[in-house]
Amino acid sequence: MRATELAIDGAWLFEPPTFPDHRGSFTAPFQGPAFREALGFELTVAQTNRSVSHRGVIRGVHFADVPPGQAKYLHVAAGAVRDVIVDLRVGSATFGEHVAVDLDAAEPRAVYLAEGLGHAFQALADGTTVEYLCSTPYAPAAEHGISPLDPDLALPWADDLEPVLSDKDRDAVTLQHALVSGMLPTRDLCDARYDRLRAGR
């Protein structure tokens, strides 16, 4: 398993080996020892999620209050996505910036995003299935969204696909609105959370 930290602190790409044979193939998208070696702590899994999306669907940009925050480790089980991670931590050197990674089931890779980072993806094929490991349970009152079509973010969605959004994502606020309203996590709070994880607390 190869682990690579992406251009935003707290965002990682994991590339597990795949073992093909005459029956098909086998991959272990999440491997605890490799995760701990890369990040210095165990991934707590409080909930697993699975979404199935039509081609063009955009989900996100989603994030949770910190604390408690919600870290995510995800991979594509079927189809393909353009996965986007946005730094929403006020005071971060990369605040408002994003990284994008194309993930697909044919070449299984996974991404991890720490608490305080926003997450979105666009399905590039019908029946795209994304599976998530989440560090905390779903808490509706602590969940928020930023518009994935915010022109200031300029996220790199596919030019040849018409975006399909939920009402909630379509009506989500811009990054600037979220910043002014005080709904975004701070880098200091997130760093305190990461320090507790590395200390085993």
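Values in this document were obtained by computation on a predicted structure and should not be read as measured data.

Cut-off values and rules
Residues numbered from 1 in each chain as written. Predicted model: local features only at pLDDT ≥ 70, side-chain atom pairs only at ≥ 80, totals over all residues. Heavy atoms only, no water. Helix = DSSP H or I, 4+ residues; strand = E, 2+ residues; numbered from the N terminus. Rg over C-alpha atoms; globule rule 2.2 N^0.38 Å. Buried < 20%, exposed > 50% of the residue type's maximum accessible area, 1.4 Å probe, protein only. Contact = heavy atoms within 4.5 Å. Areas by Shrake-Rupley, 256 points an atom, 1.4 Å probe, with all protein chains shown as cover. Polar contact = N/O pair within 3.5 Å; in protein donor to acceptor, adjacent residues only side chain to side chain. UniProt positions renumbered as here; feature names shortened; annotations may be inferred. Salt bridge = Lys/Arg side-chain N within 4 Å of Asp/Glu carboxyl O. Core = buried A, V, L, I, M, F, W, Y, C linked by side-chain atoms within 4.5 Å. Patch = residues over 30% accessible without salt bridge, like charges linked within 9 Å, V, L, I, M, F, W, Y side chains within 5 Å. Phe/Tyr/Trp six-rings, centres within 6.5 Å; stacked < 30°, edge-to-face > 60°.

*Asks:* Could you give an account of the overall build of the protein chain, with specific residues and numbers?
*Replies:* Looking only at helices and strands, one finds 4 helices and 13 strands in the protein chain. Here the protein chain has a C-alpha radius of gyration of 16 Å; the compact-globule value for 201 residues is 17 Å, and the two agree. For the C-alpha atoms alone, the extent of the protein chain along its principal axes is close to 55 × 45 × 30 Å. The buried share among the 201 residues of the protein chain stands at 47%. Counting only contacts in the protein chain whose residues sit at least 6 apart along the sequence, the fraction spanning at least 24 positions is 79%. Only carbon and sulfur atoms are counted for the fraction: they give 52% of the accessible area of the protein chain, which is about 9,700 Å².

*Asks:* Got a sec to walk through the environment of Gln-176? Specific residues and values, please.
*Replies:* Residue placement: Gln-176 occurs in helix H3 (residues 175-181). Here the alpha-carbon distance between Gln-176 and His-144, two residues 32 residues apart in the chain, equals 14 Å.

*Asks:* Before we move on, could you go through the side chain of Ser-53 and cite the residues and values that matter?
*Replies:* Here Ser-53 shows up in strand E5 (residues 47-53). Using a relative accessible area of 2% as the deciding quantity, one classes Ser-53 as buried. Separated by 2.8 Å, the side chains of Ser-53 and Arg-59 make a polar contact. Beyond its immediate stretch of four places on either side in the chain, Ser-53 contacts Arg-59, Phe-121, Ala-123, Ala-125, Asp-126, Gly-127 and Thr-128.

*Asks:* Requested: an account of the UniProt feature "active site" (unreviewed entry) in the protein chain, with residues and values cited.
*Replies:* UniProt feature "active site" (unreviewed entry): in the numbering of this structure it lies at His-62 and Tyr-132. Look at the named residues: they lie 71 residues apart in sequence, but the longest C-alpha span between them is just 13.4 Å, so in the fold they bunch up. The topology assignment puts His-62 in strand E6 (residues 58-64). The class for His-62 is partly exposed, based on a relative accessible area of 25%. Along the chain, the position of Tyr-132 falls in strand E12 (residues 128-134). With a relative accessible area of 11%, Tyr-132 lands in the buried category. Residues within four places of Tyr-132 in sequence aside, it is in contact with Gln-47, Thr-48, Asn-49, Arg-50, Ser-51, Lys-72, Tyr-73, Leu-74, His-119 and Phe-121.

*Asks:* Explain the pattern of salt bridges to me, using residue names and the numbers behind them.
*Replies:* Counting across every chain of the model gives 12 salt bridges. Here Glu-15 makes a salt bridge to Arg-109, at a shortest N to O gap of 3.9 Å. In this pair, Glu-15 is assigned in strand E2 (residues 11-15) and Arg-109 in the loop between strand E9 (98-104) and strand E10 (110-113), connecting sequence segments 94 residues apart. Of the two residues examined, Glu-15 and Arg-109, each falls in the buried class. One continuous salt-bridge network, built from bridges that share partners, spans Arg-2, Glu-15 and Arg-109.

*Asks:* Which residues make up the nonpolar core, and what values do they have?
*Replies:* Within the largest apolar cluster, 17 residues are counted, with the highest numbers of intra-cluster contacts made by Leu-74, Ile-85, Leu-103, Val-111 and Val-130. Sequence-distant contacts of Ile-85, that is, excluding residues within four places in its chain, are made with Ile-8, Ala-11, Glu-97, His-98, Val-99, Val-111, Tyr-112, Leu-113, Leu-117, Gly-118 and His-119.

*Asks:* Residues and numbers for a nonpolar patch on the surface, please.
*Replies:* A cluster of nonpolar side chains, contributed by Val-90, Leu-179 and Val-180, occupies part of the molecular surface with about 230 Å² of accessible area. Tracing the backbone shows Val-180 in helix H3.

*Asks:* I'd like to hear about the packing of aromatic side chains, residue by residue, with values.
*Replies:* Enumeration according to the criterion identifies 8 aromatic pairs in this entry. Here the aromatic rings of Phe-14 and Phe-35 are separated by 5.9 Å at their centres, their planes lie at 20°, and the arrangement is stacked. Taken as a pair, Phe-14 in strand E2 and Phe-35 in helix H1 (residues 32-39) lie far apart in primary sequence, 21 residues in all. An identical accessibility class is assigned to Phe-14 and Phe-35; each is buried. Members of the aromatic cluster, each reached through a chain of ring pairs, are Trp-12, Phe-14, Phe-30, Phe-35, Phe-41, Tyr-73 and Tyr-112.

*Asks:* Before we move on, can you summarise the side chain of Asp-87 with the specific residues and values?
*Replies:* Looking at where Asp-87 falls in the secondary structure, it is placed in strand E8 (residues 80-87). Looking at Asp-87, its side chain comes within polar contact range of the side chain of Arg-89, at 2.9 Å. Looking at Asp-87, its side chain comes within polar contact range of the side chain of Ser-92, at 2.5 Å. Ignoring sequence-local partners within four residues, the contact set of Asp-87 consists of Ile-8, Ser-92, Thr-94, Phe-95, Gly-96, Glu-97 and Leu-117.

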